[in-house]
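One letter stands for each residue in the lines below.
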Amino acid sequence: MRQQELDASQQAKDKNEYEAYIAECALTFAGLEYQPTPTNTLDVSEEEREAHWENLYRMGGFRFWQNNFQDFLTSLPANRESYNFWARKTRARIQDPKKRDLLAPLEPPYPFGTKRPSLEQDFYEQFNKPNVHVVDTNSHPIVDVTRTGILTADGKTHDVDIIAVATGFDAVTGGLLRLGLKDVNGVGLDQRWKDGMSTYLGMAISGFPNMFLPYSLQAPTAFANGPTLIELQGNWIASMISKIEQESIRSLTATPQAESAWNDEVNAITNMTLLPLANSWYMGSNIPGKPVQSLNYLGGLPTYRQKCAKVLDEDFFGFAKA
């Protein structure tokens, strides 16, 4: 993560540059101050790769994920090279060989970056403490919680005082499906989406007039800087409402055809990446029974911005007016 203290003078200097900084971020793939390096991993020498990765690792944050070579999330050989670098750096931070193999194995359990990389400061160093242990529940699953601790399949009880239950969350769609929303025909959103979710531009759903969904599914949501994306969507929604009022339109509804086409585009782009190879909340596969599909648009903010602008420029393209 590379967190550091910022003194007042540095903060003041940064704030003077905010306007230009934010404008620049709005034009990048993920709304960050950087974007994928426009070179393929294996097109440069090993020395150049190592130097690039060392620089990204030194700067920290999401750079090793979002500022890596452009084929990092589309090519397994390229991804494996990046993982090997990450594993070497991380394993060097862990003293115990068994903990090292569990926390940063030589063989990746899934392509690196297809689950959200952890932003940590000294997480791995904590395992060097004698009172910090790690148990592999893939090899020894939890079978029971006893009065004194957790029993695993190897017959061992791990005595504990407190159990923090962190089993994942129903990302992106979970909240929407709990609202009890129904379309114009009285069909609940939970029923509509039981076999798969679909939207138009990630902000509208056919059969739900005048309803817009900022920071939701099938938008760049989890692969973009939140404030940058929300500002884009908020401005678009405000412009839509203004145009509706100017033209005295009573209702505006995404067409099933536009919704279907957007759904196909979202999934087609994701299927060109390595994301479907991992069980993650990006794909909805962490929730039993949830349809497995891409919950995010991976075409990047500039392309997404153009798609949204087309609606306003071409007489509500993809919407039915009433």
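In the block above lies the structure referred to throughout.
Residues numbered from 1 in each chain as written. Predicted model: local features only at pLDDT ≥ 70, side-chain atom pairs only at ≥ 80, totals over all residues. Heavy atoms only, no water.

**Some points on helix α11 (residues 301-313)**
Then comes step 1: Compared with an ideal rise of 1.5 Å per residue, which puts 13 residues at 18 Å, α11 spans 18 Å between its outermost C-alpha atoms and is within 8% of the ideal.
Then comes step 2: Within α11, burial applies to Leu301, Tyr304, Cys308 and Val311. All buried residues of α11 project into a common sector of 75° when viewed along the axis, lining one side. Pointing more than 90 degrees away from the buried face of α11 are the exposed residues Gln306 and Asp313.
Then comes step 3: Those residues of α11 hidden inside the fold are in contact with α9 (226-246), α10 (256-270) and β5 (319-321).
Then comes step 4: Count one or two residues on from α11 and you reach Asp315, which has phi positive near 55°. (Helix = DSSP H or I, 4+ residues; strand = E, 2+ residues; numbered from the N terminus. Expected span 1.5 Å × (residues − 1). Buried < 20%, exposed > 50% of the residue type's maximum accessible area, 1.4 Å probe, protein only. Arc of directions from axis to C-beta. Contact = heavy atoms within 4.5 Å.)

**Regarding the side chain of Asn296**
Then comes step 1: Among the secondary structure elements, Asn296 is positioned in the loop between α10 and α11.
Then comes step 2: Here Asn296 falls in the buried class, since its relative accessible area comes to 1%.
Then comes step 3: Here Ala222 takes part through its backbone nitrogen, which lies 2.9 Å from a polar atom of the side chain of Asn296.
Then comes step 4: Each residue touching Asn296, except ones within four places of it in the same chain, is listed here: Gln218, Ala219, Pro220, Thr221, Ala222, Phe223, Val266, Thr270 and Tyr282. (Polar contact = N/O pair within 3.5 Å; in protein donor to acceptor, adjacent residues only side chain to side chain.)

**Describing the nonpolar core**
Then comes step 1: Membership of the largest hydrophobic core comes to 56 residues, with the highest contact counts inside it found for Trp86, Tyr200, Leu201, Trp236, Met240, Tyr304 and Phe319.
Then comes step 2: When contributions to this core are tallied by element, the ones reaching two or more residues are α3 (46-59), α4 (63-66), α5 (76-91), α9, β4 (252-254), α10 and α11.
Then comes step 3: Among the elements that line this core, the one with the most residues is α9, at six residues.
Then comes step 4: Each of domain 1 (8-119) and domain 2 (173-321) gives at least three residues to this core.
Then comes step 5: Trp193, Leu213, Leu217 and Leu295 belong to the second-largest nonpolar core, a separate cluster that totals ten residues. (Core = buried A, V, L, I, M, F, W, Y, C linked by side-chain atoms within 4.5 Å. Domains from an automatic or database assignment.)

**Details of the sheet that holds strand β3 (residues 157-159)**
Then comes step 1: Spatially, the three strands line up as an open sheet ordered β1-β2-β3, and their pairing is antiparallel. On the outer flanks of this sheet lie β1 (142-145) and β3, each paired with one strand and no other. Between one strand axis and the next, the sheet turns through 25° on average, direction left out of account.
Then comes step 2: As paired strands, strand β2 (residues 149-152) and β3 are joined by three bridges and run antiparallel to one another. Looking at β3, one finds that Leu151 is bridged to Thr157. (Pairing = 2+ DSSP bridges. Axes fitted to C-alpha atoms, helices over the stretch in contact; angles between N-to-C directions.)

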